[in-house]
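Results of the structural survey
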Amino acid sequence: MTRMNGAVPTTIIVAGLALAGYALLMTALNHRMNVPLLAALGVLEILLLVEVGIVVARLADGQRPAGLATLIGYLCAIPIVPVAAAFWGLLERSRWGPAVVAVAGLVAAILMVRLHQIWPAIHV
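The structure contained in this document is the topic of the report that follows. As the structure is a prediction and not an experimental result, all values here were calculated from the model.

A few words on the nonpolar core. With 34 residues, the main nonpolar core has Ile12, Leu37, Leu48, Leu71, Leu75, Val101 and Met112 as its most contacted residues. Counting residues per element, the ones that place at least two in this core are α1 (7-28), α2 (35-60), α3 (68-77), α4 (80-91) and α5 (96-118). The element that contributes the greatest number of residues to this core is α5, accounting for 10 residues. Apart from the residues within four sequence positions on either side, Leu37 is in contact with Leu19, Tyr22, Ala23, Met26, Pro98 and Val101.

Here we come to the packing of α2 against α3. Between α2 and α3, the shortest axis-to-axis distance is 11 Å and the interhelical angle comes to 150°. In terms of their interaxial angle, α2 and α3 are classed as roughly antiparallel. Taken as a pair, α2 and α3 cross one another with a handedness that is left-handed. Together, Val52, Val55, Val56 and Leu59 of α2 and Leu68, Leu71 and Leu75 of α3 make up the contact between the two elements. Of the residues belonging to the contact of α2 with α3, the class tally is 7 nonpolar, no polar and no charged.

On to the environment of Ala104. Looking at where Ala104 falls in the secondary structure, it is placed in helix α5. Of the residues examined, Ala104 reaches a relative accessible area of 4% and is grouped as buried. Sequence separation between Ala104 and Gln117 is 13 residues; the distance between their C-alpha atoms is 20 Å. In contact with Ala104, other than residues within four places in its own chain, are Val81 and Ala85.

The full count for this structure, using the stated rule, is 0 aromatic pairs. Across from the ring centre of Trp96, 5.1 Å away, lies the NZ or CZ of Arg95, which sits over that ring.

Our next topic: unusual backbone geometry. Positioned with a positive phi, Asn30 is a non-glycine residue whose angle comes to about 65°. With respect to the helices, strands and loops of the structure, Asn30 is situated in the loop between α1 and α2.

Turning to α1, a few remarks are in order. Along its 22 residues, α1 runs 31 Å from first to last C-alpha, staying within 8% of the 32 Å computed at 1.5 Å per residue. Residues of α1 that are buried: Val8, Pro9, Ile12, Ile13, Gly16, Leu19, Ala20, Ala23, Met26 and Thr27. Buried residues along α1 cover an arc of 155° about the axis, so they all sit on one side. Along α1, exposed side chains directed more than 90 degrees from the buried face belong to Val14 and Ala28. In this structure, the buried residues of α1 make contact with α2 and α5. Count one or two residues on from α1 and you reach Asn30, which has phi positive near 65°.

Reading guide: rules and limits
- Residues numbered from 1 in each chain as written.
- Predicted model: local features only at pLDDT ≥ 70, side-chain atom pairs only at ≥ 80, totals over all residues.
- Heavy atoms only, no water.
- Core = buried A, V, L, I, M, F, W, Y, C linked by side-chain atoms within 4.5 Å.
- Buried < 20%, exposed > 50% of the residue type's maximum accessible area, 1.4 Å probe, protein only.
- Helix = DSSP H or I, 4+ residues; strand = E, 2+ residues; numbered from the N terminus.
- Contact = heavy atoms within 4.5 Å.
- Axes fitted to C-alpha atoms, helices over the stretch in contact; angles between N-to-C directions.
- Parallel < 35°, antiparallel > 145°, perpendicular 65-115°, else oblique.
- Left-handed = near helix turned anticlockwise from the far one by under 90°.
- Nonpolar A, V, L, I, M, F, W, Y, C, P; charged D, E, K, R; others polar.
- Phe/Tyr/Trp six-rings, centres within 6.5 Å; stacked < 30°, edge-to-face > 60°.
- Lys NZ or Arg CZ within 6 Å of the ring centre and 35° of its normal.
- Expected span 1.5 Å × (residues − 1).
- Arc of directions from axis to C-beta.

And the structure:
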């Protein structure tokens with residue numbers, strides 16, 4: 001089985017953890033949602049969509065992991081996480097809006113690690 005380039009998954013993990021750290025800082029400082037948090041969520045969303053595209057291309061090429069149904073479920077859920085966090089964070093007008101974004105960053109990083117466990121061809 002060939003391996004995928006590990007740059008995108010590793011970048012997603014680092015970006016998700018960096019976003020979580022920044023959002024937790026904003027929560028601790030009692031700040032509301034702001035443009036930098038939304039921009040960071042947008043960057044994370046783009047990275048996740050690129051990864052989904054890479055995995056779908058591998059699947060279309062004929063490669064299959066053992067847990068295909070789980071992989072497809074993760075691929076459907078991953079791009080929804082930053083979008084849902086952006087909407088929820090904007091609706092939450094207190095300091096807890098950035099906390100929602102922090103959770104989304106952690107979830108994105110954890111889901112990338114799980115994708116690698118499901119299909120080791122997704123090299124991290």
